[in-house]
Structures are given as C-alpha cells and as structure tokens.
Amino acid sequence: FYLPLPLRLIAAKDLRTFFRDPAQWSQLTILFGLLVLYLTNMPTLRLEFSASGWFLFIPFLNLCAVSLILATFTCRFVFPLVSLEGQKLWLMGVLPLPRGRVLLAKFAFSMTVTVLVAVGAMSLAAFMLNLDMVWTAIHLVVTMAICFGLCGFSVGIGARLPMFGQSNVARIASGLGGTTNLLASVALVAIVLTGVGLATWHSRYLAANTLPDARSLMLCAVAALVAIAAGLTALWVGSRHFDRVEV
C-alpha cells in the first residue's frame, strides 16, 4: 500500500508467485516455526542469567539465530526474484518507468516480509525473556538493519549477477551469483553481530534494569549503519547494471 501503483503491482505479482509455490513458503514456515517453538519454550529453561550479569546473553544468541535464518531465506528466495524476470525483461522495457525501479519493488516486497517475520520473532523473544525496553528497541533496530542489508544484497547482487536463462529457483540460488550472495550475506551478518556482541560483552556486568552506556549504543549504531550502507551499495551497483543489461 505504501508503494506507487506500478511498483505495487510488481510487488503483488511477486507475492502471489511466492504463495502459489508450496515449495517456497513451506520452507519458510518450517524455519520460523521451529524458531517460534524454541522462543515460546525459553521460560522452561529456567536459566537465571540476570543474577550473574549475563541477562543479554540469550537475547544476543536469539539475534544470531534470527539473522542466520534471514540470510538463508534471502539467499534462497529473494536472490532469484530478479533472474526470474529474464523471459519478461523485454516487457519491462516498455513500462512507463525506469527498469531500475523494478528493483525497488522487489526490495520493498522482500523487506516487508522479512521485517514482519524477524521483528515479530525478536519481539516474542524479548517478551518471553522480560528484556528491558531499551535493549529490546536496540535489538529490533539492529534486526531491521540486518533485514535491510540482506535484502539489499540479495536484490542488488541478483541484478548484478543474474541467471536469466534459468527458471528453477534452486539452481539460481546455487549458481555463481547465489554463492557470491551467500558469502556476502554471511560476512555482513558476522560483522553486524560482532558489533552487537562487543556491546553485549561490554554490558555483561550491568544490572538487568540498567540502561546501556554510550559505548554499547555506539557499537550497536555502527553495526546497524554498516548493514544499511552495505545494502544501499549493493542496490546501487545492481541497479546500474540492470538498467543496461540485455537478454
């Protein structure tokens, strides 16, 4: 609803295509179903990390799990979106909008899906752990930044290294571009989680209701900005190539 009509129609087409393929949405359901099952059963672990100053340890591990699942999802399902347009690329040339704008629709589609699922999972984890509101907000902001970076990588690298002659999603995801995107996504997740991990380690001796200090906030902010900058760079590179590519 927040996109202009031409881009909204492209995003709606991708959404319908996604839900019409049980092989795609069923894998996503299994991945996040297992995650939700774990999150809802966390209170049964009866771990008293707050007493020893490690109240942020499990939330950080939850962030790691969600981030890696996001990397898996975007590499498997978002990356092939541009390549699947190969047989219809000539049609995009007659649309009354720049071809690069098509990437914006695909990015918005993937960003909407990943943010809804990832933020929902992280919010559930914070609720089950009674995490402080400030740390909850920090983890949610970092999660959205990771979604931005991973979706930007998948759409941008997918436009830069497409496989227009292939219609099999699995083969597109396992090709050269898909492997490059996977390595780049894992590297991005590792960098972002390193920043958040350093902030978590720095705050390990704080009481559960203590606000994070300036250093912890700076580390998390830098990690989030790195993810956003990486996603924007990948989208810019992919858009420049996609505007000139021919099938």
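Report on the accompanying structure. On a predicted model such as this, the values are computed, not experimentally measured, just so you know. (Residues numbered from 1 in each chain as written. Predicted model: local features only at pLDDT ≥ 70, side-chain atom pairs only at ≥ 80, totals over all residues. Heavy atoms only, no water.)

The next thing to look at is empty space enclosed by the protein. Space left empty within the atom packing is revealed by a probe, the size of a water molecule, rolled over the atoms. Under the counting rule described, the total for this entry stands at one cavity of 30 Å³ or more. The volume enclosed by the largest cavity comes to roughly 60 Å³. Lining the largest cavity, in full, are Pro59, Asn62, Met122, Ala125, Ala126, Leu131, Thr136, His139 and Leu140. Elements with a minimum of two residues in the lining of the largest cavity: α3 (57-78), α6 (100-129) and α7 (133-160). Tallied by class, the residues present in the lining of the largest cavity amount to six nonpolar, three polar and no charged. (1 Å grid on protein atoms, 1.4 Å probe; cavity = no way out; pocket = protein on both sides within 12 Å on 5 of 7 lines; lining within 4 Å. Points joined across faces, edges and corners; volume = space filled by probe spheres on them. Helix = DSSP H or I, 4+ residues; strand = E, 2+ residues; numbered from the N terminus. Nonpolar A, V, L, I, M, F, W, Y, C, P; charged D, E, K, R; others polar.)

This part covers the nonpolar core. Counting 72 residues, the largest nonpolar core has Leu70, Val142 and Phe242 as the members making the most contacts within it. Those elements that provide at least two residues to this core are α1 (5-19), α2 (22-40), α3, α4 (80-83), α6, α7, α9 (176-202) and α10 (214-244). (Core = buried A, V, L, I, M, F, W, Y, C linked by side-chain atoms within 4.5 Å. Buried < 20%, exposed > 50% of the residue type's maximum accessible area, 1.4 Å probe, protein only.)

Before going further, it helps to examine the packing of α2 against α3. Interaxial distance between α2 and α3 falls to 11 Å at its minimum, and their mutual angle equals 175°. With respect to α3, the axis of α2 lies roughly antiparallel. Contacts from Gln24, Gln27, Leu28, Leu31, Phe32, Leu35, Tyr38 and Leu39 of α2 reach α3 at Ile58, Asn62, Ala65, Val66, Ile69, Leu70, Thr72, Phe73, Arg76 and Phe77. When the residues that make up the contact of α2 with α3 are grouped by side-chain class, the tally is 13 nonpolar, four polar and one charged. (Axes fitted to C-alpha atoms, helices over the stretch in contact; angles between N-to-C directions. Parallel < 35°, antiparallel > 145°, perpendicular 65-115°, else oblique. Contact = heavy atoms within 4.5 Å.)

Bringing the pattern of salt bridges into the picture now. If you walk through the whole model with that rule in mind, you get two salt bridges. Here Asp14 ties to Lys106 by a salt bridge, and the two come within 3.0 Å at their closest N and O atoms. Of this pair, Asp14 sits in helix α1 while Lys106 sits in helix α6; the two residues are 92 residues apart in sequence, bridging distant segments of the chain. By sharing partners, the salt bridges in this structure join Lys13, Asp14 and Lys106 into a single network. (Salt bridge = Lys/Arg side-chain N within 4 Å of Asp/Glu carboxyl O.)

Along the chain, Pro4 turns up in the segment before α1. Using a relative accessible area of 40% as the deciding quantity, one classes Pro4 as partly exposed. In sequence terms Pro4 and Ala105 are 101 residues apart; their C-alpha atoms lie 9.3 Å from each other.

Below, the discussion takes up a nonpolar patch on the surface. A grouping of Ile191, Met218, Val222 and Val226 is seen on the molecular surface, where their side chains present a nonpolar patch of about 350 Å² in accessible area. If you tally residues by element for the nonpolar patch, the top one is α10, at three residues. Of note, Val222 is situated in helix α10. (Patch = residues over 30% accessible without salt bridge, like charges linked within 9 Å, V, L, I, M, F, W, Y side chains within 5 Å. Areas by Shrake-Rupley, 256 points an atom, 1.4 Å probe, with all protein chains shown as cover.)

Let us look at the packing of α7 against α10. At their nearest, the axes of α7 and α10 sit 7 Å apart, and the two run at 20° to each other. One finds that α7 runs roughly parallel with respect to α10. Along this stretch, α7 crosses α10, giving a crossing that reads as left-handed. Of the residues that constitute the contact of α7 with α10, the class distribution is 20 nonpolar, seven polar and one charged. (Left-handed = near helix turned anticlockwise from the far one by under 90°.)

Glancing now at the packing of aromatic side chains. Applying the stated criterion across every chain, the model contains two aromatic pairs. Between Phe73 and Phe77, the ring centres sit 5.3 Å apart and the planes meet at 50°, which makes this aromatic pair tilted. Placement of both Phe73 and Phe77 in helix α3 is noted, with a separation of four residues, approximately one turn of the helix. Residue classification places Phe77 among the buried residues on the basis of a relative accessible area of 5%. When the centroid spacing of 5.0 Å and the interplanar angle of 75° are considered together, the rings of Phe107 and Phe148 count as edge-to-face. Of this pair, Phe107 sits in helix α6 while Phe148 sits in helix α7, and the two are 41 residues apart along the sequence. (Phe/Tyr/Trp six-rings, centres within 6.5 Å; stacked < 30°, edge-to-face > 60°.)

Next up on the list: unusual backbone geometry. At Asn130, a residue that is not glycine, the phi angle is positive and equals roughly 55°. Among the secondary structure elements, Asn130 is positioned in the loop between α6 and α7.

Such coordinate-based values are descriptive only and should not be taken to indicate function.
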